[in-house]
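Survey of secondary and tertiary structure
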Amino acid sequence: MAKTLHSVIDKVYCLKNLRKASARVCANNGAAGLDGMSVRQWRAHEEQNLAELRRTLLENRYRTAPVKRVYIPKPGSSKRRPLGIPVVRERACQQAVQQILSPVFEEMFFKDSHGFRPGRSTHTAARRIEELRRQGYRYVVDLDIENFFGCVDHELLLRLVRKVVKDRRVLGLIRGWLKAGVLEEGQIRYETSGTPQGGVISPLLSNIYLTPFDLAMSKAGWTIVRYADDVLILCRSREEAESALAVARQTLGRLKLRLSEEKTKVSSFQEGFDFLGFHFGVRSRGVGRKSLRALHQKVRHVTRRQQGDRPLPEVIADLNPIVRGWGQYHRKGQNKGLFRQLDRWIRNRVRAYKRRRWRDRGRWKLFSAEELAKLGLFSLHQLIVGSGQLELFGGSP
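Since the model is a prediction, treat every value here as computed from it, not as a measurement.

The rules we used
- Residues numbered from 1 in each chain as written.
- Predicted model: local features only at pLDDT ≥ 70, side-chain atom pairs only at ≥ 80, totals over all residues.
- Heavy atoms only, no water.
- Pairing = 2+ DSSP bridges.
- Helix = DSSP H or I, 4+ residues; strand = E, 2+ residues; numbered from the N terminus.
- Axes fitted to C-alpha atoms, helices over the stretch in contact; angles between N-to-C directions.
- Buried < 20%, exposed > 50% of the residue type's maximum accessible area, 1.4 Å probe, protein only.
- Contact = heavy atoms within 4.5 Å.
- Polar contact = N/O pair within 3.5 Å; in protein donor to acceptor, adjacent residues only side chain to side chain.
- Core = buried A, V, L, I, M, F, W, Y, C linked by side-chain atoms within 4.5 Å.
- Salt bridge = Lys/Arg side-chain N within 4 Å of Asp/Glu carboxyl O.
- pLDDT = per-residue confidence, 0-100.
- Phe/Tyr/Trp six-rings, centres within 6.5 Å; stacked < 30°, edge-to-face > 60°.
- Lys NZ or Arg CZ within 6 Å of the ring centre and 35° of its normal.

Some thoughts on the sheet that holds strand β6 (residues 223–227)
- Read across the sheet, four strands follow the order β6-β7-β3-β8 without closing on themselves; strand pairing throughout is antiparallel. Here the strands that pair on one side only, and so sit at the sheet edges, are β6 and β8 (265–268). Each strand axis lies, on average, 25° off the axis of its neighbour in the sheet, ignoring direction.
- In this structure, β6 lies alongside strand β7 (residues 230–235), joined through five bridges in antiparallel fashion.

Here is the structure:
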């Protein structure tokens, strides 16, 4: 039985809680909202800003500000994802509420919901899928919820929140964030459904909204692994998978959500399938196509030749965090051969950039792998456990 919260607002505007929330927001940095205040400007007068935020909450004068709508690229795709950017004060307030509510809702959440939760991640979801594969699950249903973040029903979500939170002022804050105006193309629009991607509290609200789906599917005997709105149902036969898909469609319908018939599909470990950027096969885990395509796009952009006379060390400095972050994400898979190929391709991209800038009476000057390493170029292959020993027995691959 979940705990019921009757009086919460005093815990939200506790100065210790607000300071902790502000520190989290400042650590995440992020762009300025509609008021133009950057995180650096907020931090410069942090105590004063927090005191004012506390007063407005204490005196029940807090009013939600509209969010700024921007569009960001979707990894591995030419499409763009809408993102709402609240003002820094709003982000701090949302974080303060999230810190109080999250531990209580954690007790209600499904064990195999892995998105935006303490101690869980895409990697814990991937390990769970591999564990189920070893247990004999052979087929999967990859559910694609159509425009999930834009279709969350506000009243249904608030009804779910009210099962735990009884404090009207905190409920009012959440309602205000759900219905906040969005500035786009010079006009403020007010949404009738959805949770704005970019809001600090949106991941928590999304998990609350999909928990009835998790529990209903589990109660019906289906095995699911979920990360935010990415859902996988694991089954032992294709017939089971088809039945699970029908139940999932019906269950999501009760939450006023629907599946993308084009993207939702039944697959198997034998055929191989992509999920959360990974590719799962009958015995191993590798890199998903979209994730690989996204890396190619980012590397090509950083090493594009039309950058004037920009020094090579600066290009490498921009390239390294991209390659390192992507490699850290995929280092646990069976990717040694792929990492070697990507290292060669990245080195050639860097060489091509330099050759464009560096001419010597018609002769091209090339960098060896060792020379590029001395310049600081990161190597994916070195992330593979044990591969560093290769340098003791013959140098760079």
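Description of helix α8 (residues 154–162)
- Among all positions in α8, only H154, L156, L157, L158, L160 and V161 are buried.
- Where α8 is buried, its residues meet α5 (88–106), α9 (168–178), α10 (202–219) and α11 (238–254).
- Looking at where α8 begins, the residue whose side-chain oxygen comes 3.3 Å from the main-chain nitrogen of E155 is D153.

Digging into the nonpolar core
- Core analysis: the biggest nonpolar cluster contains 66 residues, and L101 and I233 have the highest contact counts within it.
- It is α5 that provides the largest number of residues to this core, a total of eight residues.
- Beyond its immediate chain neighbours, meaning those up to four positions away, L101 contacts L5, V8, V165, V170, I174 and L204.
- Core analysis: the second largest hydrophobic core is formed by 22 residues, I316, L342, Y353 and L377 among them.

Concerning the pattern of salt bridges
- A complete count under the given rule lists 19 salt bridges for this structure.
- Among the salt bridges present, the one from R19 reaches E47, with a minimum N-O distance of 3.0 Å. Of this pair, R19 sits in helix α2 (residues 15–28) while E47 sits in helix α4 (residues 46–58), placing them 28 residues apart in sequence.
- Ionic pairing is found between R55 and E52, a salt bridge with its closest N-O pair at 2.8 Å. Taken as a pair, R55 and E52 lie in helix α4 at a separation of three residues, close to a single helical turn.
- By relative accessible area, R55 is classed as partly exposed at 39%.
- Residues participating in the shared-partner salt-bridge network are K111, D112, R128 and E131.

Topic: the side chain of R133
- With respect to the element layout, R133 can be found in helix α6 (residues 122–134).
- Its relative accessible area of 9% is what places R133 among the buried residues.
- From its side chain, R133 meets the backbone oxygen of S284 in a polar contact 3.2 Å long.

Looking at the confidence of the model for the protein chain
- Across the protein chain, the average pLDDT comes to 89, with 89% of residues at or above 70.
- Low pLDDT (under 50) marks residues 360–364, which in the prediction has four contacts with non-local residues, meaning those over four places away or in another chain.
- Low pLDDT, under 50, characterises residues 386–397; the stretch is placed with 13 contacts to residues that sit more than four places away or in other chains.

Structural notes on the packing of aromatic side chains
- Enumeration according to the criterion identifies nine aromatic pairs in this entry.
- Aromatic side chains W326 and F339 sit 5.9 Å apart centroid to centroid with 45° between the ring planes, which places their arrangement in the tilted category. In this pair, W326 sits in helix α13 (residues 312–330) while F339 sits in helix α14 (residues 336–357), placing the two residues 13 residues apart along the sequence.
- By the ring-pair criterion, three or more aromatic residues cluster together here, those being F269, F273, F278, F280 and Y329.
- Sitting above the plane of the Y137 ring, R236 keeps its charged end 4.3 Å from the centroid.
- Note that R285 overlies the ring of F278, its terminal NZ or CZ placed 4.8 Å from the centroid.

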